[in-house]
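# Coordinate inspection notes
Listed below, chain by chain, are the residues.
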Amino acid sequence: MSNFLAQPAAPVVSAASPETRPATLRVLGCSGSIARDCRTTAFLLDDDVLIDAGTGVGDLSLDELLRVDHVLLSHSHLDHVLGVPLLADSVLRRRQGRGPIQVHALPQTLAVLRQHLFNDLLWPDFTRLPQPAQPVLSLHELAVGQTLELGAQRRRIRVLPARHTVPAVGYAVLGAGGDFVYTGDTGPNPALWEALRGLNLRQLVIEIAFSEGDRAIATDSLHHCPSTLAAELAQVPGHVEVLLTHVKPGEMPTVLAELAARLGPGRAVTALRAGQRLSLG
Ligand SMILES: Nc1ncnc2c1ncn2[C@@H]1O[C@@H]2COP(=O)(O)O[C@H]2[C@H]1O
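Definitions and cut-offs
- Each residue is numbered by its place in its chain's sequence as written, counting from 1.
- Local features in this predicted model are restricted to residues of pLDDT 70 or higher, and side-chain atom pairs are both shown and tallied only at a pLDDT of 80 or more, whereas totals for entire chains, interfaces and linings draw on every residue.
- Each side-chain value is worked out from all heavy atoms of the structure, with water and hydrogens disregarded.
- Numbering of helices and strands runs from the N terminus; a helix is a DSSP stretch of H or I covering at least four residues, while a strand is a stretch of E covering at least two.
- Between the two quantities, the radius of gyration covers C-alpha atoms and the globule rule is 2.2 Å times the number of residues to the power 0.38.
- For each residue, the accessible area found with a 1.4 Å probe, counting protein chains only, is set against the maximum for its type, and the residue is called buried under 20%, exposed over 50%, and partly exposed in between.
- Contacts were defined at the residue level, with two residues in contact if any of their heavy atoms lie within 4.5 Å.
- Working convention for charge: Lys and Arg count positive, Asp and Glu count negative, and His plus the chain ends are omitted.
- Here the site of a charge means NZ on Lys, CZ on Arg, CG on Asp, or CD on Glu.
- We define a salt bridge as a side-chain nitrogen of Lys or Arg found within 4 Å of a carboxyl oxygen belonging to Asp or Glu.
- For two strands to be treated as a pair, DSSP must find no fewer than two bridges joining them.
- Under this scheme, a helix contributes an axis fitted over its contacting stretch, all axes are lines through C-alpha atoms, and angles between N-to-C directions fall in the 0 to 180 degree range.
- If a single non-hydrogen atom of a residue is within 4 Å of a molecule or strand, that residue counts as near it.
- Whenever two N or O atoms come within 3.5 Å, that pair is a polar contact, provided that in protein one can donate a hydrogen and the other can accept it, and provided that, for residues adjacent in sequence, both atoms are side-chain atoms.
- What sets the accessible areas is the Shrake-Rupley method with a 1.4 Å probe; for residues, cover comes only from the shown protein chains.
- Amino acid classes used here: Ala, Val, Leu, Ile, Met, Phe, Trp, Tyr, Cys and Pro are nonpolar; Asp, Glu, Lys and Arg are charged; the rest, including Gly, are polar.
- Roughly parallel means an angle under 35 degrees; roughly antiparallel, over 145; roughly perpendicular, 65 to 115; everything else is oblique.
- Take the far helix as the reference: if the near one is turned anticlockwise from it by less than a right angle, the crossing is left-handed, and if turned clockwise, right-handed.

### Some thoughts on the overall build of the chain
When its secondary structure is counted, the chain shows 8 helices and 16 strands. By the compact-globule yardstick of 19 Å for 281 residues, the chain fits well, its C-alpha radius of gyration being 18 Å. Oriented by its inertia axes, the alpha-carbon framework of the chain measures out at about 60 × 45 × 30 Å. Looking at the chain as a whole, 51% of its 281 residues qualify as buried. Taking the contacts inside the chain whose residues are at least 6 apart along the sequence as the reference set, 61% of them involve residues at least 24 apart. With 24 positive and 27 negative side-chain charges, the chain shows a separation of 4 Å between the mean positions of the two kinds.

### With respect to the pattern of salt bridges
Overall, the coordinates contain 8 salt bridges when judged by the stated rule. Asp46 is paired through a salt bridge with Arg155; the nearest N and O atoms lie 2.7 Å apart. Taken together, the residues span a long stretch of sequence, with Asp46 in the loop between β2 (42-45) and β3 (49-53) and Arg155 in strand β10 (residues 155-161) at a distance of 109 residues. Arg155 shares its class with Asp46; the two are buried. When the shortest N-O distance is used, the salt bridge between Glu194 and Arg197 registers 3.9 Å. One salt-bridge network, held together by shared partners, links Asp69, Arg95 and Arg98.

### Structural notes on the sheet that holds strand β8 (residues 137-141)
One open sheet accounts for 7 strands, arranged β8-β5-β4-β3-β2-β1-β16; its pairing is mixed. Two strands lie at the open edges of the sheet, namely β8 and β16 (277-279), each paired on one side alone. Taking the axes of each pair of neighbouring strands and ignoring which way they run, one obtains an average angle of 25° across the sheet. Alignment of β3 against strand β4 (residues 70-72), held across 3 bridges, turns out to be parallel. Within β4, the residue paired with Ile51 across the bridge is Leu72.

### Observations regarding the site of the ligand
Every residue close to the ligand is listed here: His77, Asp79, His164, Asp185, Phe210, Ile217, Asp220, Ser221, His223, His246 and Lys248. Asp79 is positioned with one of its side-chain polar atoms (N or O) 3.5 Å from an oxygen atom of the ligand. In the environment of the ligand, an oxygen atom lies 2.6 Å from a nitrogen or oxygen atom belonging to the side chain of His223. Look at the ligand: alone it shows 450 Å² of surface, and the protein chains cover 56% of it. Considering only residue class, the shell around the ligand consists of 2 nonpolar, 5 polar and 4 charged.

### Notes on the packing of helix α7 (residues 226-233) against helix α8 (residues 252-260)
Helices that pack against each other are described as a pair by the angle of their axes relative to one another and the distance between those axes. One can describe the packing of α7 onto α8 by two numbers: an axis separation of 9 Å at closest approach and a directional angle of 45°. Relative to α8, the element α7 lies oblique. Taken as a pair, α7 and α8 cross one another with a handedness that is right-handed. On α8, the residues touching Pro226, Leu229 and Ala230 of α7 are Val255, Glu258 and Leu259. Grouping the constituent residues of the contact of α7 with α8 by class yields 5 nonpolar, no polar and 1 charged.

In structure tokens, the structure reads:
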């Protein structure tokens with residue numbers, strides 16, 4: 001039987017070293033666009049791994065920015081990547097000797113960054129600055145299904161399939177006490193649920209961008225609206241904590257009401273909040 005469908009496993013003794021800290025995820029931004037108090041997607045895993053780099057990155061202090069050694073990008077859209085060039089500029093003069101910040105993404109995503117962002121037109125090429133041999137950023141390709149080990153805590157992070165208007169992925173942070181999943185931007189996607197069958201899912205951060213009245217836009221832009229998300233969540237066991245992200249500014253009350261009306265009994269969902277800190281398994 002798949003782990004995904006199982007009830008939470010009894011706590012197991014971690015094989016990690018005694019120094020390994022329980023993973024925490026700080027929500028810096030979880031909005032589908034900007035407005036006052038709405039910051040776009042960025043999560044900080046422990047204190048050195050960013051998962052997406054939207055406008056929420058700007059809430060980190062300079063000292064906190066200096067601790068970031070890795071950035072995992074879900075796709076190339078601006079609301080998820082614009083923190084990368086600004087982070088590079090903020091820390092460039094203070095990271096001497098630390099090595100580059102490693103940016104991990106699909107090859108297609110990195111190609112967009114190279115061609116359209118770090119092109120010395122929209123922004124300086126920080127993969128060659130301050131010196132080509134010692135840049136502040138380095139770009140690293142990943143692939144769906146790969147498991148990376150990143151950060152001082154050597155967190156194991158699985159790359160998951162997403163279905164969006166540009167090549168996209170989600171991420172799972174694997175833990176001894178259960179796995180945390182962030183879907184990235186995605187429309188309905190059977191491949192995601194297939195991938196989750198191999199995991200011991202404990203927390204699911206899943207996107208929903210639009211209310212039902214914007215269903216046509218959701219379909220065109222490969223996002224969820226309440227009807228499509230409710231259909232997907234019918235596959236998720238009740239013990240999994242479901243947290244919503246990427247709702248467009250001003251849409252949250254409508255989205256929550258419309259979703260609640262469509263969910264089966266026992267299926268609770270809550271909206272992720274900027275500033276929230278999640279304890280991962
Ligand atoms: N066909 C469309 N009609 C209206 N808005 C769109 C359309 N396609 C994309 N968008 C918007 O453009 C945004 C790009 O980033 P997102 O995918 O987060 O969300 C997308 C939508 O808000």
